[in-house]
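Structural overview for review
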Amino acid sequence: MLWKRRNTSPDALAHEEQEVRDACERGRRDERKARKRHPLMMTLTFAAALVGGLVLAPAVMEGSFARSGGIVDHGLALATNRAQPVVMDAVRDLKAKTFRQTES
């Protein structure tokens, strides 16, 4: 004969099906390992997408990217002005604590 006859007994078919399932499972495991995502990078990606959405939302509401850019810039300037003294106080406190610990 020109071709090989397959063994079609129920045991042989069950064995072949099990081999196929095992091979598929190994393939899935290998793909998961190859495409493993870093949690920190995924968090940063989602944060960037969220910020992008928050920046686009005013553009949709204002009807203009120029006006929404002004709103975003104004908001960032306010946040910077409010946060800068707090950050500077925290840095000053940290320096004082560090200096006291090195003196002891």
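Conventions used here
Residues numbered from 1 in each chain as written. Predicted model: local features only at pLDDT ≥ 70, side-chain atom pairs only at ≥ 80, totals over all residues. Heavy atoms only, no water. Helix = DSSP H or I, 4+ residues; strand = E, 2+ residues; numbered from the N terminus. Rg over C-alpha atoms; globule rule 2.2 N^0.38 Å. Areas by Shrake-Rupley, 256 points an atom, 1.4 Å probe, with all protein chains shown as cover. Lys, Arg positive; Asp, Glu negative; His and termini not counted. Charge placed at Lys NZ, Arg CZ, Asp CG, Glu CD. Expected span 1.5 Å × (residues − 1). Polar contact = N/O pair within 3.5 Å; in protein donor to acceptor, adjacent residues only side chain to side chain. Patch = residues over 30% accessible without salt bridge, like charges linked within 9 Å, V, L, I, M, F, W, Y side chains within 5 Å. Salt bridge = Lys/Arg side-chain N within 4 Å of Asp/Glu carboxyl O. Buried < 20%, exposed > 50% of the residue type's maximum accessible area, 1.4 Å probe, protein only.

Our next topic: the overall build of the protein. Along the protein, the regular secondary structure elements total three helices and zero strands. Here the C-alpha atoms of the protein give a radius of gyration of 31 Å, more than 25% beyond the 13 Å that 2.2 N^0.38 yields for 104 residues. Here the protein displays about 9800 Å² of accessible surface, and carbon together with sulfur accounts for 63% of that area. Counting 18 positive and 13 negative side-chain charges, the protein places the averaged centre of each group 1 Å from the other.

This part covers helix H2 (residues 39–62). Turn by turn, an α-helix covers 3.6 residues, leaving residues three or four places apart pointing in a common direction. Across its 24 residues, H2 extends 35 Å between first and last C-alpha, which sits within 8% of the 34 Å expected from 1.5 Å per residue. Downstream of H2 by a residue or two, Gly 63 has a phi angle that is positive, lying close to 80 degrees.

Moving on, we get to the environment of Ser 64. Among the structural elements, Ser 64 can be located in the loop between H2 and helix H3 (65–103). In terms of polar contacts, Ser 64 uses its side chain to reach the backbone amide nitrogen of Ala 66, at 3.2 Å.

What follows concerns a positive patch on the surface. There is a patch of like positive charges on the surface, built from Arg 26, Arg 29, Arg 32 and Lys 33. Structurally, Arg 29 is set in helix H1 (residues 10–34).

Right, let's get into the environment of Ala 66. For Ala 66, the position within the fold is in helix H3. By relative accessible area, Ala 66 is classed as exposed at 65%. Measuring from C-alpha to C-alpha, the distance between Ala 66 and Ala 34 comes to 43 Å, with 32 residues separating the pair along the chain.

Let's shift gears to the pattern of salt bridges. If charged atoms from side chains of opposite charge come close, those side chains can pair. For the coordinates displayed, the defined rule picks out three salt bridges. With its nearest N and O atoms 3.5 Å apart, the salt bridge here joins Glu 17 to Arg 21. One end of the pair, Glu 17, and the other, Arg 21, are both in helix H1, four residues apart, so they sit about a helical turn from each other. Classification of Arg 21 by relative accessible area gives partly exposed; the value is 48%. Where Asp 89 meets Arg 92, a salt bridge forms, and the shortest distance between an N and an O atom there is 2.9 Å. One end of the pair, Asp 89, and the other, Arg 92, are both in helix H3, three residues apart, so they sit about a helical turn from each other. Judged by its relative accessible area of 37%, Asp 89 is partly exposed.

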